[in-house]
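# Report on the structure
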Amino acid sequence: MAAFLLRRAIQGLAIVFTVVTFTFVLIHAAPGEPFGALLEDPRFTMAMREQLRARYGLDRPLPEQYARYVAKIASGDLDISLSKLRPVRAILAEALPRTLLLMSVALAVGFALGIGVGALQAWRVGSRTDRVFVRLTVAIAAVPDFWLALALMLVFAVKLQWFPVTGIVDDAMHPFLSPFGKAKDVLRHLVLPAGTLTILVAAVVARHQRAALLDVLPDDFVRTARAKGLSERAVVMRHALRNALLPTITLLGLALPSLVGGAVFVESVFSWPGMGRTALDALSARDYPVVLGTVLVGTSFVVVGSILTDLLYAAADPRMRRA
Amino acid sequence: MTEPLLRVENLRTYFHTAAGLARAVDGVSFSIARGETLGVVGESGCGKSVTALSMLRLVQPPGRIEPGSHIWFEGRDLLSASDEEIRRVRGNRIAMVFQEPMTALNPVFTVGDQIAEVARVHDGASRRAAWDRAVDMLSLVGIPSPRDRASNYPHQMSGGMRQRVLIAMALMMNPALIIADEPTTALDVTIQAQILELLASLQQKFGTAILLITHDLGVVAEVASRVIVMYGGQVVEEAPVRSLFAEPGHPYTKGLMQAMPRVGMDRERLVTIPGTVPPPTAWPSGCRFRDRCAFAWERCEREHPGLQSVAPLHTARCHLVDSGGDDSASSGGDTRRRGEGARP
Amino acid sequence: MRRPIRGCDVPSTPVIASLSIPEPSNAIPLAQGTRLSQAARALWQDRAARTALVCLAALVLAGVFAPLLSPYHPDVPLGINTLNLRPPSAGHWLGTDPASRDVLSRMLYGTRVSLAIALLSALLASCMGLMYGGVAGYAGGALDSAMMRAIDALLSIPRVLLLITVLALWGNVSVFSLVLVLAVTGWFGVSRIARAEAMAARTREYVTAARALGAGHVQTFVRHVLPHLVGPVLVAATISVGQVVILEAGLSYLGYGVPQPNPTWGSIIRDGRETLSTAWWLTLFPGIALVGTALAVNTLADRLRAALNPRQLPAQ
């Protein structure tokens, strides 16, 4: 187990390192002098410019610049935000938990829902329920995330006024609420953005789970379970599903990058101040350090997530544990 | 005469596929007495596995047991029992041991859990009690350090051990009948012998009847007291085991016996039965074996043979055995049998 | 032990836009011409696929003939205040937008832009992925390992964030550069598929035979391996079209896509952002177009995959 973790951690680091290199290449491949815009940017003071020049070694040969760049990131320094004049690290430290909140709710609820629906469909394959859900999941999978967000916002926030329209908290009231009230406030604001992502996740997971379970049902051990006198429900839900969950766990790892991307649009529509919104704001403000920071943080998150997924898979599949 | 434990009457299991109607089991009847071992022999495609599955109504669509079939067991027809009732029989009064120990066990549960499950379902036993019983069973089937082994997963065990686990699972509720579908086919010869010995000793101990399905006549010779031979979805011969080997009545049985390689044989090439099993969607008219039979003649094409008596308790589905009325005289003309082979 | 799911659909929204890795097709290596044309025939016979194709063809035609079909000019405001934000009516079937422009005309011209961008970038991305993955799979060994590790790393970057980075660093966005950017950020998944197929093809006997007969690597690759990659990559490309349409719409909605005043479906929705609750038509119609395109494309991809692998069960 420890060896496995170590190996995956090293692989993860290698990936992050590759991405860091890639961003370096991007920065230097972009038109204009690398960090040229940074240096010419009128928002920077003379002192800051000198600092930057020294730190990046902009008059040094390329390999040295690369080494400095890697060292800088390894030490956790992600530069200063041009538009906010705060360390990028601090900005992202604030934004990341909000995105994590959004995504973990979407993942947890979405997967639970998707697994349940997919399993039900496979069990009752061909029935009316199954056919209805097939159409439904196919349709939902074709809906753009930002559009679904807009639709939900229109119906539930604007027309029905069940939930707030934007933001993470009610800025006016929030400071005066009790801790419990504060939590409730955040939850109220969480429903629609998380709901949008949940619906999209659930639809994809349901289709995947349905196919996975149908794939397992003809297997021999399912027949053995039936021959033991188990109810059909126990055969499908206990024996078959438990095996059919394994591919769904794999899906979890594969879905992470896309989920982060989807969160960007949803955060934008609902003005949820997470990492995606931060990246977009930075884009419009030409705030490269922040943008680059989000890429690195986003990728690291995906890497960590996929390691956790592998662990989960190993926990679920006894055959993997020795490996 | 006491009532047999299991009596199968005119079992027909057809598969309604897009490619046509496959008559996998087409009118099979036999019975098993308490504590007896009945061997079912035949090549793949003869319908023996489907017969086994039909006993417990484990045949999945598009397969269906046709009306007119009956399986009498412990006083009722299993084919007209409710779903609830058949579930109470499965694993409890009749248990099955499947062919591929590799894939017949669920890879994500421990073997102890899978065995104990039988007791939990049928006896309402607690987890603790069921687990203990499972460990006892493992010890009974000859697995060393059963308490440790019970926590193993199937992939951590050898093929022979897995098969023992399947047998332990089948014996948990002390069923009256065990259906063993090719229990040794996937195993090495040495392990095969061990498993057969195990089955025999357990049968002695518990008085369980066994329906043993195999393509291997050698296995049948070792363990069975009575044998039925299947071909083309039907029973083509039924006999006590000695009588079968002493006096095989059906050309197919004879072919199977000749095909068995034996120590001390003085041949260079093995004998085979020519041709292949026809598809169950298109059984030949008349006798289903006629295309591969050295002794077939025109009656075999025209008329489907019934089960004829060869010796006491020994029947065969063959016109050659038909002692009542010499057909060659009544039809006249060219009705001579092809091939030499005087009647056995 | 991780079994890829046969016949499982690949999701198409950017939320879960990952491509699951299918098993390499183990169909008999017929001459490529026959396999593709067989698949095409099977596809045409399938009603769902036919409907999807017809819808897509209709959309493409609507885009191509936009100048002929649209009642008004898409960019010219029709009246500063009198005609803005009109709901659908006889004169304006799909209403007007805040700048008094006819939505139907904008939608038709937008079809051009949205579909062109999607088709071009999907094509470009597929070619890149095909070559990269094909070479990696054919080469095998250390080269393959290194190439695929790079892909693993790139696939870990959330695509939207990568897009934002490139847009931030490069600045100007023209339709052409948008196509390029979308293609360059989207070929990684295709390369994995191509690689899997190439690896499977490489071990087949006809490749060994070709090499034994003296064919060079390039020749072997082009004649014997490449044709087998086309089918699965085509499926991936089809799905990719749907993904890009939605991605481009999202970017345009955010204001970072196609520059104004070029209409695209996403920018029409953007125009309706302020008046979401009152001018519903600005959000609804482009949304229908987007969903419809994605549905058609996904259905087509699913059927195409089934047609190329006759032994696979369809996902339905």
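Residues numbered from 1 in each chain as written. Chains lettered and ligands numbered in written order. Predicted model: local features only at pLDDT ≥ 70, side-chain atom pairs only at ≥ 80, totals over all residues.

## Comments concerning the overall build of chain A
Broken down by element type, chain A carries 12 helices and zero strands. When its helices and strands are written in sequence order, chain A yields α-α-α-α-α-α-α-α-α-α-α-α. By principal-axis analysis of the C-alpha atoms, chain A measures approximately 80 × 55 × 40 Å. Across the 323 residues in chain A, those meeting the buried criterion constitute 46%. (Helix = DSSP H or I, 4+ residues; strand = E, 2+ residues; numbered from the N terminus. Buried ≥ 20, exposed ≤ 12 C-beta atoms within 10 Å, placed from the backbone.)

## Some words on the overall build of chain B
Of regular secondary structure, chain B possesses 13 helices and 13 strands. Computed over its C-alpha atoms, the radius of gyration of chain B comes to 22 Å, within 12% of the 20 Å expected for a compact globule of 344 residues. Over its C-alpha atoms, taken along the principal directions, chain B stretches across nearly 75 × 50 × 45 Å. Looking at chain B as a whole, 46% of its 344 residues qualify as buried. Looking at chain B alone, contacts between residues at least 24 apart form 64% of all its contacts between residues at least 6 apart. (Rg over C-alpha atoms; globule rule 2.2 N^0.38 Å. Contact = placed C-beta atoms within 7 Å.)

## Some remarks on the interface of chain B and chain A
Across the boundary between the two partners, chain B contributes 23 residues, which contact 18 residues of chain A. Taken together, the elements giving at least two residues each to the side of chain B that touches chain A come down to α2 (83-89), α3 (101-104) and α4 (111-123) of chain B. For the side of chain B that touches chain A, the element with the highest residue contribution is α4(B), accounting for four residues. Here the side of chain B that touches chain A is composed, by residue class, of 12 nonpolar, six polar and five charged. (Nonpolar A, V, L, I, M, F, W, Y, C, P; charged D, E, K, R; others polar.)

## A look at the interface of chain A and chain C
Tallying the contact residues gives 59 residues for chain A and 52 residues for chain C. Of all the elements in the fold, those that place two or more residues in the side of chain A that touches chain C are α1 (2-29), α6 (128-141), α7 (145-159), α8 (179-216), α10 (232-270), α11 (275-284) and α12 (288-316) of chain A. With 14 residues, α10(A) is the single largest residue contributor to the side of chain A that touches chain C. Here the side of chain A that touches chain C is composed, by residue class, of 42 nonpolar, 10 polar and seven charged.

## Side note on α1(A)
Think of an α-helix as 3.6 residues a turn; residues three or four steps apart then line up on the same face. Compared with the 40 Å implied by 1.5 Å per residue over 28 residues, the 40 Å span of α1(A) between its first and last C-alpha is a close match. Ile15(A), Val16(A), Val19(A), Val20(A) and Thr23(A) are the residues of α1(A) that are buried. Among the structural elements, α4 (62-74) and α12 of chain A together with α5 (141-156) of chain C are those in contact with the buried residues of α1(A). (Expected span 1.5 Å × (residues − 1).)

## A look at the pairing of strand β10 (residues 226-231) of chain B
Residue and element names in this part refer to chain B. Most of β10 sits out of view: six of its six residues are buried. By the alternation rule, side chains of β10 split into Arg226, Ile228 and Met230 and Val227, Val229 and Tyr231, which are all buried. Pairing geometry for strand β3 (residues 37-41) and β10, over four bridges, is parallel. Bridging across to β10, Val40 finds its partner in Ile228. Remark: two residues form the turn of the hairpin made by β10 and strand β11 (residues 234-240), two consecutive strands paired antiparallel; Gly232 in that turn has positive phi of roughly 60 degrees. (Pairing = 2+ DSSP bridges.)

## Some thoughts on the nonpolar core
Counting residues in hydrophobic clusters, the biggest one holds 274 residues, and the most contacted among them are Ala149(A), Leu213(A), Val291(A), Ile115(B), Ala168(B), Leu177(B) and Leu211(B). Looking at this core element by element, the count peaks at 19 residues for α10(A). Non-local contacts of Val291(A), meaning those with residues more than four positions away in its chain, are made with Ala279(A), Ala282(A), Leu283(A), Ile164(C), Thr165(C) and Ala168(C). (Core = buried A, V, L, I, M, F, W, Y, C linked by C-beta atoms within 7 Å.)

## A few points about unusual backbone geometry
A cis amide bond, omega 10 degrees, links Pro61(B) with the succeeding residue Pro62(B). Turning to its location among the elements, Pro62(B) is positioned in the loop between α1 (48-55) and β4 (63-65). With a phi close to 55 degrees, Gln161(A) is a non-glycine residue in the positive phi region. Note on placement: Gln161(A) falls in the loop between α7 and α8. Positive phi outside glycine occurs at Glu182(B), with the angle close to 45 degrees. With respect to the helices and strands, the residue Glu182(B) is situated in the loop between β8 (177-181) and α8 (189-206). For Glu182(B), a count of 22 C-beta atoms within 10 Å puts it in the buried group.

## Description of the packing of α1(A) against α12(A)
Residues and elements named next belong to chain A. Running from amino to carboxyl end, α1 crosses α12 at an angle of 160 degrees, the nearest separation of the two axes being 10 Å. Taken together, α1 and α12 sit at an angle that is classed as roughly antiparallel. Between α1 and α12 lies a crossing of right-handed hand. Together, Phe4, Arg8, Ala9, Gly12, Ile15, Val16, Val19, Val20 and Thr23 of α1 and Leu292, Val295, Leu296, Thr299, Ser300, Val303, Ile307, Asp310 and Ala314 of α12 make up the contact between the two elements. (Axes fitted to C-alpha atoms, helices over the stretch in contact; angles between N-to-C directions. Parallel < 35°, antiparallel > 145°, perpendicular 65-115°, else oblique. Left-handed = near helix turned anticlockwise from the far one by under 90°.)

## What about the sheet that holds strand β7 (residues 94-97) of chain B?
Residue and element names in this part refer to chain B. If you trace the eight strands from one edge of the open sheet to the other, you get β7-β8-β9-β3-β10-β11-β13-β12, paired in mixed fashion. Each edge of the sheet is formed by a strand with only one pairing partner; in this case those strands are β7 and β12 (308-311). With strand direction ignored, the average angle separating the axes of adjacent strands in the sheet is 20 degrees. Both β12 and strand β13 (residues 314-316) contribute to a ladder of three bridges, which runs antiparallel. Bridge pairing links Ser309 to Thr315 in β13.

## Points about the pairing of β11(B)
Residue and element names in this part refer to chain B. For β11, the tally of buried residues reaches six of seven residues, placing the bulk of the element in the interior. The sheet contact formed by β11 and β13 spans two bridges and is antiparallel. Residue Glu238 lies in a different strand from β13, and its bridge partner there is Thr315.

## Section: the packing of helix α8 (residues 188-202) of chain C against helix α10 (residues 217-254) of chain C
All names here are of chain C. Across the interface, α8 lies against α10 with an axial gap of 9 Å and an inter-helix angle of 150 degrees. Regarding α8 and α10, the two cross each other, and that crossing is right-handed. Side by side, α8 and α10 meet where Gly189, Val190, Ile193, Ala194, Glu197, Ala198, Ala201 and Arg202 of the first sit next to Val225, His228, Leu229, Pro232, Val233 and Ala236 of the second. Its residues assigned to classes, the contact of α8 with α10 comprises 10 nonpolar, two polar and two charged.

## Details of α8(A)
Compared with an ideal rise of 1.5 Å per residue, which puts 38 residues at 56 Å, α8(A) spans 47 Å between its outermost C-alpha atoms and falls more than 12% short. Approximately 40 degrees is the largest bend angle found in α8(A), and it occurs at Val191(A), with the proline Pro193(A) only one to four residues beyond. (Bend = angle between axes of the 7 residues up to and from the residue.)

## Considering the confidence of the model for chain B
All names here are of chain B. Taken as a whole, chain B shows an average pLDDT of 85; of its residues, 92% reach a score of 70 or greater. Every residue in residues 324-344 is under pLDDT 50, and counting partners more than four places away or in other chains gives 20 contacts. The ipTM assigned to the predicted complex is 0.86, against a pTM of 0.83. (pLDDT = per-residue confidence, 0-100.)

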